[in-house]
Every structure is written in C-alpha cells, then in structure tokens.
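# Architecture at a glance
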Amino acid sequence: MTPPRRQVPSRRTAVLRREAVLAAVPVALAALLGTAGPAAAGTTGAAGAGDPYFPLSGNGGYHVDHYDLTLRYDTASRHLDGTAVLTARATRRLTRFDLDLSGLKVTGVGVGGRRAAFRRDGQELVVTPPRTLRPGRRFQVTVSYHGTPRPVTDPDGSADGWIPTDDGAFVAGEPQGAMTWFPANNHPRDKSTYDFTITVPEGRTAVANGVLRGTRTAHGRTTFRWHQAEPMAAYLATATIGKFRVERYTTRDGIQVYNAVDPREASAAAPVLKKLPSVLAWESKLFGPYPFRAAGSVVDHARDVGYALETQSRPLYDSAPDVGTLVHENAHQWFGDSVSLTAWKDIWLNEGFATYAEWLYAEQHGGDSAQKTFDALYARPAGDRLWAFPPGDPGSGENIFDTPVYARGAMTLHELRRAVGDRDFFRILRAWAAAHRAGHGTTAQFTRLAGRVSGKNLDALFHTWLYERGRPSRP
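Here the structure is a predicted model, which means the values were calculated and not measured. (Residues numbered from 1 in each chain as written. Predicted model: local features only at pLDDT ≥ 70, side-chain atom pairs only at ≥ 80, totals over all residues. Heavy atoms only, no water.)

### Remarks on the overall build of the protein chain
- Scanning the protein chain for helices and strands turns up 10 helices and 20 strands.
- By the compact-globule yardstick of 23 Å for 475 residues, the protein chain fits well, its C-alpha radius of gyration being 22 Å.
- Counting only C-alpha atoms, the protein chain reaches 65 × 55 × 40 Å along its principal axes.
- Counting every position in the protein chain, which comprises 475 residues, the buried fraction comes to 61%.
- Carbon and sulfur atoms make up 50% of the accessible area of the protein chain, which totals about 16,900 Å².
- Side-chain charges of the protein chain comprise 57 positive and 47 negative groups, with the mean position of each set lying 5 Å from the other. (Helix = DSSP H or I, 4+ residues; strand = E, 2+ residues; numbered from the N terminus. Rg over C-alpha atoms; globule rule 2.2 N^0.38 Å. Buried < 20%, exposed > 50% of the residue type's maximum accessible area, 1.4 Å probe, protein only. Areas by Shrake-Rupley, 256 points an atom, 1.4 Å probe, with all protein chains shown as cover. Lys, Arg positive; Asp, Glu negative; His and termini not counted. Charge placed at Lys NZ, Arg CZ, Asp CG, Glu CD.)

So this is what it looks like as structure tokens:
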C-alpha cells in the first residue's frame, strides 16, 4: 500500500512512497488459529484472531481453505447480492463460530448442507452449526446476503473496503475492508484460495484476483469468472468494477497479465504500465521467482480514495501511478502478499520492504542512490514525523500506514545492507521470500534469518532501527 495522501501529501516522491531456502520454517497455521485469544477456550471459536490492533478481525477455531464468491452488483442502485461458500477445516471442537461481516443483511446460513442458526453481533456473524464440528473436520458454510455495501473507516481516518465510484466500485480491503463485501476470516493469519463469479451491467468490467476463467454476456449483464489459485489473505481480495479498457498479454516468463484502466486515466497510465514486464523481471532477479501465475494492474479514477493497494496478483491504483508506485505495489507481491503477516504490528515487513524496492529501483535506473535517499531522510530534525515512533512497534492501528513504517522501515533495511554487504543482503531477501513463500513471517524470524545468512550478530542494529524511539544515532 502506498501511504495515504492525507498523511503524506508528497506520496508521489520517491523518498516517502513507499540461493537456497534456509531452514526458516513458516509459522504453523493450526497453531496460529487454534490459540487465537482467550475466547478460544471451550467449544466456541474466538471472535477475533488475537491481534491487539484489530481485536475483532479474524476468527478462531477454524481455517478457511477456499472461498467461492458469487456476486451481483447493480451500479445504478449500488445494491449487492452475494452468496459465499466457504470450505473450511475445524482446528478445535466447535459448537459455534464467527465470521466477519459488516453492514449487509444475511438471509440464510447453512453448514454442511443443513440450515444453521445465526445472529449478528456488530461485525461478527455468529453461526451455530446443526451439529458439533470435530477437530480436523472439513465443512462448508454457505451465507446468502444482500444490501448496499459501505466502506469501513480505519483508525487513521481512511476508508477501506467496498468504496463506491461514479461507475462502479473501488474495492480495497487493507486492513479491515474485506468484511464489507463478503463473510470472511478476516486476518492475514488465514490465507485461502478463491473463486469469484461477478455479474455487472453490460459495459462494466469486474476485476478480481488471479486468472480470468471466462466471461458471458446475456440479458444486459456480463458475468466474469476469476480464479486465485495461490493462498491469499482476505484483505488482498478485490472485485473492482468500472468502465475499463482492458489489455491482456503473457510475459516471457509465462505470467498472464491483465490490465484494466479507466479511460480517464489511460493517457497518463500507459507509459508506466508499459514498464510492468521489465519491473517484474527486475524484481524477480532481486527477490526470486515471481510468486503468482497472474499479474497486472487496475487503474481506477477514484482520486478521493487517496492510496494504491497491492491486491494480490493485480495491484489497484486510485489514479494513474508513477513508476515508483508501480515498483512499490508489485514488490508487495513478494513482501506482504506471498509472505504474509501474522500480526499488524509487523507491517514494516510489508511497507519497509516495498519502499526499499523503490530506492533500489531508482539506484539502478539512473536515480538517486539508496544511500543518498537514506541521508536525506536522516537529516530531518528530531521532531520530524519520521521519528514519531519506531517501525517495529507502531503502537496502534492508527499508525500502521504512517511515515515511520515506510521510510524508517526502509532505512532499517539499508542499515542492514551496509552492515552485511550487498552479497549477503540480497541473499537474505531471496531466502526470506523463498522460505516463507505462500505462508507467513514475523520480524523475529526475519532477524534470525539475517543473522544466519550473514554470520553476524545483528541484534543491536535491529533493536536500534526497529525499536528505539526517536532518531537513532548513526553507527
């Protein structure tokens, strides 16, 4: 995600925008979900995943393997009809469990093909299955719902989720917004595969994640079928709808590219999107193989949104991006999408890495060196927002998209690079992306891996740059 304009008006500047696999093992999913907070006791799934920044995001007691979402959206009335079929696995004995769903009216819930009791409790859809679910049991949950989806307001004042536009919807779910348009286990700890079947008025295009499986137009409406084969956190799902010009091609590496661009942004976006294959090739050389079978861009005309998002396999832009933003959001495909967080506190692992990718790109393509960018930032006075809090401990959900997470997070990586040298630094980045591919990673795991690859004790460096308050002393 690029920093929202409300916090960083100069979002477009480069400074603030954002071989082997080592024995670093991804965090076990069952352990993550089965111990999610005190409410996990007994036979009731927890109402949250245990994240202190967003206590009700996600749920305990089960893991969703797959979402099959069938949506019908009327752009004139802004009415959404949805059916969600979740294929899940119980991680504990369950007589009740929760799903995250905000605002929409639920008309029916089924579990295992039988009608289930349900009730609403704020953003929680509380489901009582007709019979107890045993640990390890796979089951299906079907939820029928409808209404006018509305975005959620995040702690920093920004909107995310289903955001209506003048010709459709800009659908960007970080960190909470997935629940505004489908029932979900809405925390990055829970990653799943997806199928989307989205019906919209003829003349509109519905863009989701992964590979387009087909389209069909009948009776004034067009249905788009998308498939996301690689595991994805719910906040990275999209179903953006609008009047788009579509471009499709396959790169030399076999990646299927799908670009959808609002005609009002087409002229400004074209020269930047033309660089996408070379950007992906450059990032693959630095970070390892591209982690998905699909790529692309959705460029909407929604400038009031104020940010872009790394929606998996197809980043979403509120307007024509510049090259730095393109590099940033696609770097997230490795750092944030393929390697996901276990807690929002670790957001620097997403944003610091994507921001440093911008610095590296500029350095290797005729722009400022990463050192020059670092020095310009370090020269800021002690009272500057950059030093407001340490990136490894933002303190609350209000701060996770603020300047220190991005810029000081990138500075941390630059100090690591200076300490270990280029050879080991890029080995660390590739090893991190490979060891946790399609899984999860934590700050502690990253710092341990960096020490193993380099053979150096880096504890003081990481403590200083990730956790020390105020402007660190230069080493």
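### Here's the deal with the side chain of arginine 221
- The residue arginine 221 is located in strand E15 (residues 221–233) in this model.
- Sequence-distant contacts of arginine 221, defined by excluding residues within four places in its chain, comprise Arg72, Tyr73, Asp74, Thr199, Val200, Pro201, Glu202 and Arg216. (Contact = heavy atoms within 4.5 Å.)

### Regarding the pairing of E15
- Burial analysis of E15 places 10 of its 13 residues in the buried class, the great majority of the element.
- In this structure, strand E12 (residues 191–201) lies alongside E15, joined through 10 bridges in antiparallel fashion. Note that in E15 the partner of aspartate 195 across the bridge is histidine 227.
- In this structure, strand E14 (residues 211–218) lies alongside E15, joined through 7 bridges in antiparallel fashion. Across the sheet, residue threonine 217 finds its bridge partner in E15, namely threonine 222.
- Taking the residues between adjacent antiparallel strands as the criterion, E14 and E15 are bridged by 2 residues, where histidine 219 takes a positive phi near 55 degrees. (Pairing = 2+ DSSP bridges.)

### Structural notes on the nonpolar core
- Counting 138 residues, the largest nonpolar core has Phe97, Trp181, Phe182, Phe196, Leu416 and Phe446 as its most contacted members.
- Here the element with the most residues in this core is helix H5 (residues 348–364); it accounts for 9 residues.
- If near-sequence neighbours (up to four positions away) are discounted, leucine 416 is found in contact with Phe425, Ile428, Phe446, Ala450, Leu458, Leu461 and Phe462. (Core = buried A, V, L, I, M, F, W, Y, C linked by side-chain atoms within 4.5 Å.)

### Digging into the sheet that holds E14
- Here 8 strands make up an open sheet; going across it, the order is E5-E4-E8-E2-E1-E12-E15-E14 and the pairing mixed. Looking at the sheet topology across the chains shown, the edges are occupied by strand E5 (114–115) and E14.

### Observations concerning the side chain of glutamate 174
- Looking at the element boundaries, glutamate 174 is found in the loop between strand E11 (168–172) and E12.
- Given the relative accessible area of 1%, glutamate 174 is considered buried.
- Apart from residues no more than four positions distant in its own chain, glutamate 174 is found in contact with Met1, Asp154, Asp160, Tyr235, Leu309, Glu310, Trp344, Ile347, Glu351 and Phe401.

### Quick notes on the packing of helix H3 (residues 276–287) against helix H8 (residues 422–435)
- Where H3 contacts H8, the two axes come as close as 8 Å, and the packing angle between them is 100 degrees. Accordingly, the angle class assigned to the pair H3 and H8 is roughly perpendicular. Residues Lys285, Leu286 and Phe287 of H3 form the contact with H8, whose own contacting residues are Phe426, Leu429, Arg430 and Ala433. (Axes fitted to C-alpha atoms, helices over the stretch in contact; angles between N-to-C directions. Parallel < 35°, antiparallel > 145°, perpendicular 65-115°, else oblique.)

### Comments concerning the confidence of the model for the protein chain
- For the protein chain, the mean per-residue pLDDT works out to 93, and 92% of the residues sit at or above 70.
- Counting interchain partners and residues more than four positions distant, the pLDDT-below-50 stretch residues 6–31 has 91 contacts.
- With pLDDT under 50 throughout, residues 33–41 is counted as low confidence; its partners more than four residues away or in other chains account for 23 contacts. (pLDDT = per-residue confidence, 0-100.)

### Some words on the sheet that holds strand E6 (residues 117–121)
- Ordered by their spatial adjacency, 3 strands build an open sheet running E3-E7-E6, and the pairing between neighbours is antiparallel. Across the chains shown, the open sheet's two edge strands, defined by having one partner strand only, are strand E3 (97–100) and E6. Each adjacent strand pair in this sheet contributes to an overall mean axis angle of 25 degrees, direction not counted.
- Looking at chain direction, E6 and strand E7 (residues 124–128) are connected through 5 bridges and run antiparallel. Counterpart to arginine 120 in the pairing with E7 is leucine 125.

### A closer look at the packing of aromatic side chains
- Per the stated rule, a full pass over the model turns up 30 aromatic pairs.
- For the ring pair tryptophan 226 and tyrosine 258, a centre distance of 4.9 Å and an interplane angle of 85 degrees mean the geometry is edge-to-face. With a gap of 32 residues between them, tryptophan 226 in strand E15 and tyrosine 258 in strand E18 (residues 256–261) connect regions that are remote in the sequence.
- When the centroid spacing of 5.5 Å and the interplanar angle of 55 degrees are considered together, the rings of tryptophan 348 and phenylalanine 353 count as tilted.
- Here phenylalanine 353 falls in the buried class, since its relative accessible area comes to 3%.
- Taken together, Phe287, Tyr290, Phe292, Trp334, Phe335, Trp348, Phe353, Trp432, Phe446 and Phe462 form an aromatic cluster joined through their ring pairs.
- Geometry around tyrosine 378 places arginine 471 over its ring, the cationic atom sitting 5.3 Å from the centre. (Phe/Tyr/Trp six-rings, centres within 6.5 Å; stacked < 30°, edge-to-face > 60°. Lys NZ or Arg CZ within 6 Å of the ring centre and 35° of its normal.)

### Brief notes about the packing of helix H4 (residues 323–331) against H5
- Two elements in contact, H4 and H5, have axes separated by 8 Å at closest approach and are oriented at 135 degrees. Overall, the two elements H4 and H5 adopt an arrangement that is oblique. In the packing of H4 onto H5, the handedness of the crossing is right-handed. Note on element contacts: H5 touches H4 through Glu351, Ala354, Thr355, Ala357, Glu358 and Tyr361, opposite Val323, Gly324, Thr325, Val327, His328 and Ala331.
- Split into classes, the residues belonging to the contact of H4 with H5 amount to 6 nonpolar, 4 polar and 2 charged. (Left-handed = near helix turned anticlockwise from the far one by under 90°. Nonpolar A, V, L, I, M, F, W, Y, C, P; charged D, E, K, R; others polar.)

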